[in-house]
Amino acid sequence: MIACLDRFVHENDSESRILSDNLSTVCKSLDLKGSIDCRAITDKDFGGLHSIKPLAVIRPAGPDDVQKVVKAASVSSNLTVAARGNGHSINGQAMADGGLVIDMRSFEDYVFHVGRENGFTYVDVSGGALWENILKRCVEGFGMAPRSWTDYLGLTVGGTLSNAGISGQTFRFGPQISNVLELDVITGNGDALTCSEEKNSELFFSVLGGLGQFGIITRARILLQSAPDKVRWIRLIYSEFHEFTRDAELLVTREEGESFDYVEGFVFVNNDDIVNGRPSVPLDQAQDFNPAHIPQTAGSVLYCLEVALHYNNSDHPSTVDTTVSRLLQGLRFISNLKFQVDMGYMDFLLRVKRAEEQAKANGIWDSPHPWLNMLVSKSDIVEFDRVVFKEILKDGIGGPMLVYPLRRSKWDNRTSVMLPEEEVFYLVALLRFAPPQGDGSLVRKLVEQNQEIIQYCTEMGFDFKLYLPHYKSVEEWKQRHFGNEWSRFRLRKKAFDKNSILAPGQKIFARNT
Ligand code: FAD
């Protein structure tokens, strides 16, 4: 059967219908409980920059199906397999050109169990579960919630755990990969294994932040905490970068109880543009950004420190006010430029969903997104701001430009993630939205601008790493991303996916033939 599958990989397009029929027959012999779509529909992701044709898309009914597919591919001579979460990558990372794509959402509900272990409450969820559904089920059913999030929750557990999962809680609890107790994984060699810090620990840490290279996560055990009822969401404006970073760093290094529950920040343009400028800041339509409060010394861009405090319905409003005032004491934002709203906890975590609905209505959700995400050391961020934000991007990017500090000590260096060296480093996220009716030349320009920024950071010798990294050759991965950690990553690959069948869209390892 495997030999038959192999034959189909290199056939040409004109014969594709007949081949699909044959392939379909062959795939039947895999005896999956789920389904196989052999129509080889062109695959796209959120980035919209690449499109390729897989050999087939498999919708497994559960982990057993995933294992059968991986086993079949691993003993074939040239098949590759890509787990597809929600396809929200930018550069084709969840694609398999001429290979098998496994749609992990097809069994997203196969497990959902809240339990307790060693004093911790956890939830077991499927690798293909969307974070937004986990949030709803945990809060509504149990009054609990995961501790560490991404800003947008239409992403799968397997997709974010293969990268890191970063948001405004990361400074306290670490990224999502620091909040996992256990995983079920189908390795690239076709083995189904349960792993944790104590059991099969090398596999556990390889897979976390492992860019899908070592195994397919079919179940994850995620730490939970009590969910608060409400959130006070606050935006504070700064004209000077050094004051913004001073306060942001102060907040992320204070003890729990002495700081907010969420800390992020972003850069915006000092003009009246609705998307890139001052009107993009207020949190509610009744609020007005009065530019008269901006000091004369302000430059082309301004900075917003975004914080949030959790509280419960039982807390008296004056207690919340007092706590917020205490936490804001000593911060140097422009005192008349503070915006705040109170809202339900779930509404706060689902805030980007509302932006998604708007973006879908005006067509920019489905247009290309040449995003760039980086992690830049504290010592280089002032120079980065001077050249990148204040000069290269001074007119904005048609979407958010996030910049906020994180702490290395909250990350586990046994995982596969690559970080800058310093304890404090900044997430920089350039979340570009291209207009829907572009001819492609604008998108090319934006991709070039991303390259220009990376090039600048490299030439300046900045201590930085790409987050959600994307390189086109093994050499680049080796030199620019992994550096001294390359041999560890390669040994892990040999151990868990010896024929390099998994996640070919990352372009790290070529399939062994
Ligand atoms: P996919 O794009 O489908 O897959 C990503 C990679 O993981 C692929 O290599 C794939 O093969 C692999 N993979 C998928 N599922 C599994 C599995 N079960 N087991 C093993 N490997 C698997 N990231 C943040 O950290 N913080 C944010 O705030 C944030 N916000 C975002 C907002 C938007 C609108 C978008 C589009 C992305 C955002 N991201 C953010 C990035 C996001 O975390 C990554 O792109 C993530 O990989 C997307 O998840 P996905 O489920 O769509 O994964």
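Parameters and conventions
- Residues numbered from 1 in each chain as written.
- Predicted model: local features only at pLDDT ≥ 70, side-chain atom pairs only at ≥ 80, totals over all residues.
- Helix = DSSP H or I, 4+ residues; strand = E, 2+ residues; numbered from the N terminus.
- Rg over C-alpha atoms; globule rule 2.2 N^0.38 Å.
- Buried ≥ 20, exposed ≤ 12 C-beta atoms within 10 Å, placed from the backbone.
- Contact = placed C-beta atoms within 7 Å.
- Near = placed C-beta within 6 Å.
- Nonpolar A, V, L, I, M, F, W, Y, C, P; charged D, E, K, R; others polar.
- Pairing = 2+ DSSP bridges.
- Axes fitted to C-alpha atoms, helices over the stretch in contact; angles between N-to-C directions.
- Core = buried A, V, L, I, M, F, W, Y, C linked by C-beta atoms within 7 Å.
- Expected span 1.5 Å × (residues − 1).
- Bend = angle between axes of the 7 residues up to and from the residue.

Caption draft 1: Region of interest: the overall build of the protein chain. The helix and strand inventory of the protein chain stands at 15 helices and 20 strands. For the protein chain, the C-alpha radius of gyration of 23 Å lies close to 24 Å, the compact-globule estimate for 513 residues. If one aligns the C-alpha atoms of the protein chain with their principal axes, the spans along those axes are about 70 × 55 × 45 Å. For the protein chain, with 513 residues in total, the buried portion stands at 45%. For the protein chain, long-range pairs separated by at least 24 residues make up 73% of all intrachain contacts whose partners lie at least 6 apart in sequence.

Caption draft 2: Representation of the site of the ligand in the model. Lining the immediate environment of the ligand, one finds 35 residues, of which Gly85, His88, Gly127, Gly158 and Gly159 sit closest. Secondary structure elements with two or more residues in the shell around the ligand: β5 (81–84), α5 (157–161) and β12 (215–226). For the shell around the ligand, the per-class residue count stands at 14 nonpolar, 19 polar and two charged.

Caption draft 3: Spotlight on the sheet that holds strand β6 (residues 100–103). On the basis of which strands lie adjacent, the open sheet formed by four strands has the order β1-β4-β6-β5 and mixed pairing. Sheet topology places β1 (35–37) and β5 at the edges, where each strand pairs with a single neighbour. Each neighbouring strand pair of the sheet contributes to a mean axis angle of 25°, computed without reference to strand direction. The sheet contact formed by β1 and strand β4 (residues 56–59) spans three bridges and is antiparallel. By the bridge assignment for β4, Ser35 is matched with Arg59.

Caption draft 4: Broad picture of the sheet that holds strand β18 (residues 401–407). Strands sit in the order β16-β13-β15-β14-β18-β19-β17-β20 across an open sheet of eight strands; the sheet is antiparallel. Each having just a single partner strand, β16 (338–344) and β20 (464–466) make up the two edges of the open sheet. If you compare each strand with its neighbour and ignore which way they point, the axes differ by 20° on average. Inspection of the sheet shows strand β17 (residues 372–377) paired to β20 by three bridges, in the antiparallel sense. Residue pairing for β20: Leu375 is matched across the bridge by Lys465. Sheet strands in contact with helix α8 (residues 241–253) are β13 (230–238), β14 (262–269), β15 (301–311), β18 and β19 (424–430), and its direction is about 20° off that of β15.

Caption draft 5: Highlighting the nonpolar core. Val81, Leu100, Ile102 and Leu427 are the most contacted members of the largest nonpolar core, which totals 126 residues. The element best represented in this core is β15, accounting for nine residues.

Caption draft 6: Broad picture of the pairing of strand β7 (residues 112–117). For β7, the tally of buried residues reaches only zero of six residues, placing the bulk of the element at the surface. Pairing analysis gives six bridges linking β7 to strand β8 (residues 120–126), with the strands arranged antiparallel. By the bridge assignment, His113 is partnered in β8 with Asp124. From the end of β7 to the start of β8, which pair antiparallel, there are two residues, and Asn118 there has a positive phi angle of about 45°.

Caption draft 7: Quick look at the pairing of strand β10 (residues 180–187). Burial analysis of β10 places six of its eight residues in the buried class, the great majority of the element. Relative to β12, β10 runs antiparallel, the two sharing seven bridges. Counterpart to Leu183 in the pairing with β12 is Ala220. The turn joining β10 and strand β11 (residues 192–196), which pair antiparallel and follow one another in sequence, is formed by four residues; a positive phi near 95° is taken by Gly190.

Caption draft 8: Seen up close, the environment of His293. Position of His293 relative to the elements: it lies in the loop between β14 and β15. By C-beta crowding, His293 is classed as exposed, having 12 other C-beta atoms within 10 Å. Through-space distance from the C-alpha of His293 to that of Asn336 is 6.6 Å; in sequence the pair is 43 residues apart. Excluding anything up to four places from it in sequence, His293 contacts Ile334, Asn336 and Leu337.

Caption draft 9: Looking closely at helix α12 (residues 378–392). Its 15 residues place the ends of α12 20 Å apart at the C-alpha level, agreeing with the 21 Å of an ideal helix rising 1.5 Å per residue. The largest bend in α12 is about 45°, located at Phe384. Buried within α12 are the following residues: Ile381, Phe384, Asp385, Val388 and Phe389.

Caption draft 10: Examining unusual backbone geometry more closely. Phi angles above zero are rare outside glycine, and Asn118 is one such case at about 45°. Within the secondary structure layout, Asn118 lies in the loop between β7 and β8. One non-glycine residue, Leu468, adopts positive backbone phi at about 55°. By secondary structure assignment, the location of Leu468 is in the loop between β20 and α14 (474–482).

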